[in-house]
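# Fold and geometry: a report
Each chain is listed here by its residues.
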Amino acid sequence: VTENMVAKKESILAEAAAASVGGAISASVLYPLEVLKTKMQAVQTSDTKDINSDNGKDDEETQEGTEEGKIHDSELSAVDFTLNMYKEGGVGVFYEGIGTSAFQSACEKALYFFAYTFFKNSYKSVKGNEYIGAAENLILGAMAEWAHLPITLPIDCLTTKIQTSKSLDENPYQIMMAMFSEKGVKGMYKGWEAYTVLCLKPAIQYTVYEQIKRIVLLSRRKSTGRGRKKSSQTLSVGESFLLGLISRAISTIICFPYTRAKVMLQSQKDASVTGGQSKTIPQMLMKMYNEQGMQSLFIGLGPELTRGVLSTAFMMMIKEQIASIMVAMLT
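Since the model is a prediction, treat every value here as computed from it, not as a measurement.

## Section: the overall build of the protein
Each helix and strand in the protein was counted, giving 13 helices and zero strands. For the protein, the sequential pattern of α-helices and β-strands runs α-α-α-α-α-α-α-α-α-α-α-α-α. Buried residues in the protein amount to 48% of all 331 residues. A fraction of 80% describes how many contacts in the protein between residues 6 or more apart in sequence connect residues 24 or more apart. Counting only carbon and sulfur atoms, one obtains 62% of the accessible surface of the protein, whose full area is about 16,700 Å².

## With respect to the environment of Lys-186
One can find Lys-186 in the loop between helix H7 (172-183) and helix H8 (195-198). Residue Lys-186 is classed as exposed on the basis of its relative accessible area, which comes to 59%. Separated by 32 residues in the primary sequence, Lys-186 and Pro-154 have C-alpha atoms spaced 9.3 Å apart.

## As for empty space enclosed by the protein
Summed over the entire model, instances satisfying the criterion amount to two cavities of 30 Å³ or more. Within this model, the largest cavity holds a volume of roughly 640 Å³. The wall of the largest cavity is formed by 35 residues, among which Gln-104, Glu-108, Lys-109, Arg-248 and Arg-307 lie closest to the centre. Residue contributions to the lining of the largest cavity peak at nine residues, all from helix H6 (residues 134-164). Partitioning the lining of the largest cavity into residue classes produces ten nonpolar, 14 polar and eleven charged. By volume, the second largest cavity amounts to about 50 Å³. The wall of the second largest cavity is formed by Lys-161, Met-179, Glu-182, Lys-183, Gly-187, Lys-190 and Gln-266.

## As for the environment of Thr-152
Positionally, Thr-152 belongs in helix H6. Residue Thr-152 is classed as buried on the basis of its relative accessible area, which comes to 2%. C-alpha separation for the pair Thr-152 and Tyr-189, spaced 37 residues apart in sequence, amounts to 9.5 Å. Discounting residues that sit within four places of it in the chain, Thr-152 has contacts with Gln-104, Cys-107, Glu-108 and Leu-111. A distance of 2.6 Å separates a polar atom in the side chain of Thr-152 from a polar atom in the side chain of His-148.

## Re helix H4 (residues 78-89)
For an α-helix the count is 3.6 residues per turn, leaving residues at separations of three or four pointing the same way. For H4, which comprises twelve residues, the first-to-last C-alpha distance of 16 Å matches the rise-based estimate of 16 Å (1.5 Å per residue) to within 8%. Of the residues making up H4, those classed as buried are Phe-81, Asn-84 and Met-85. The buried residues of H4 all sit within an arc of 100° when viewed along its axis, so they share a single face. Summarising the geometry of H4, the exposed residues directed more than 90 degrees from the buried face are Val-79 and Lys-87. Immediately downstream of H4, the backbone of Gly-90 shows phi near 70°, a positive value.

## A short note on the side chain of Arg-248
Its place among the elements puts Arg-248 in helix H10 (residues 237-267). Since its relative accessible area comes to 10%, Arg-248 is described here as buried. Once residues within four sequence positions are removed from consideration, Arg-248 is found in contact with Lys-201, Gln-205, Glu-304, Arg-307, Gly-308, Val-309 and Thr-312.

## What about the packing of aromatic side chains?
All told, the structure shown has seven aromatic pairs when counted by the stated rule. Ring centres 5.5 Å apart and planes at 85° place the aromatic pair Tyr-112 and Phe-113 in the edge-to-face group. The pair Tyr-112 / Phe-113 is uniform in exposure class, with both members buried. What links up through ring pairs into an aromatic cluster is the set Tyr-112, Phe-113, Tyr-116 and Tyr-206.

Quick notes on the rules
- In this numbering scheme, every chain counts its residues from 1 along its sequence in written order.
- Whole-chain, interface and lining totals are the exception, using all residues; otherwise, since this is a predicted model, local features are given only for residues with pLDDT of at least 70 and side-chain atom pairs are given and counted only at 80 or more.
- Side-chain measures were taken over the full set of non-hydrogen atoms in the model, leaving aside hydrogen atoms and water.
- Here a helix means four or more residues in a row that DSSP labels H or I, a strand means two or more in a row labelled E, and each is numbered from the N terminus.
- Note on classification: 1.4 Å probe, protein chains only; a residue is buried when its accessible area is under 20% of the maximum for its type, exposed when over 50%, partly exposed between these limits.
- The contact criterion used throughout is that any non-hydrogen atoms of two residues lie within 4.5 Å.
- In this description, accessible areas are obtained by the Shrake-Rupley approach with a 1.4 Å probe, and a residue is regarded as covered only by the protein chains that are shown.
- The distinction between a cavity and a pocket rests on a 1 Å grid over the protein atoms alone: a 1.4 Å probe fits inside a cavity but cannot get out, while a pocket stays open yet meets protein on both sides within 12 Å along at least five of seven lines, and a residue with an atom within 4 Å of a point counts as lining.
- Grid points are joined across faces, edges and corners, and a volume is the space filled by probe spheres set on the points.
- Residues are grouped as follows: Ala, Val, Leu, Ile, Met, Phe, Trp, Tyr, Cys and Pro are nonpolar; Asp, Glu, Lys and Arg are charged; every other residue, Gly included, is polar.
- Counted as a polar contact is a pair of N or O atoms within 3.5 Å, where, for protein atoms, one must be capable of donating a hydrogen and the other of accepting one, and residues adjacent in sequence contribute only when both atoms are in side chains.
- Multiplying one less than the number of residues by 1.5 Å gives the expected span of a helix.
- The arc in question is traced by the directions running from the helix axis to the C-beta atoms.
- Within 6.5 Å between ring centres, the rings of Phe, Tyr and Trp (the latter by its six-membered ring) count as paired, and their orientation is classed by plane angle as stacked under 30 degrees, edge-to-face over 60, tilted in between.

Below, the structure written as structure tokens:
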């Protein structure tokens, strides 16, 4: 029993450490895509309508300017949006906040996998069975996501503010102080209500990953027998990359409207400061839908999918290899 408990503790530490390293590396490598998708998601559809209405042109010219404004803000392709960002801020705009983002990703992945592995091992001990079904995995994944939010959500809010800040002169500390001045500590938890749905995103992602991984390893054990014990317990680099890509794509598409609403909420000034009325996530989604239809709920999906699937694929690939090395070293 003691050896089993030690093995489980080693497994939890290995999973958390490996996920932390993998998360930091993947976040840093793909950070320009992270900035692009965040800026695209933060676009306010209503802000595009009157962008050129006060420049003294006649009605016809103003209408044409307004149409150009619409295209400029919310209907640009990812390539055109990238070119505009480069013209406005140069290469540096794509790397603002990279340190904060890498730290956030490392903390988030480490705490998620620590909680998830702990919950999974505890559940197996109580159940007395190694098998965990898809529904059980979803519940454990959602619990693990909520477990790390008190620590990681403030970092996420700060990262979003840095990425969407229009001032190139503000440093992370100044932005954080401005967030505190708006609504105190509560302002660091903007968008938490979105996680009533977004907690399912990593749960769906890792449930899909774990279920397919289990099928792959079981089939490998049957075909190779017990002679290749090590290879039947871990995925190859290519398999980890492919499974990570597929699982992230599925979870991203399902939860994307809430991801976009969360980013918009975090990038806005507090309603008490601007004199406006604060909106709930469902109200924001309905407003976007009424203004520009279903497509407005998926603005920024392309960069999010590209960054997300590559980030997860890299992270899971690195995590699987580091975790297997750490487990071998600890045992």
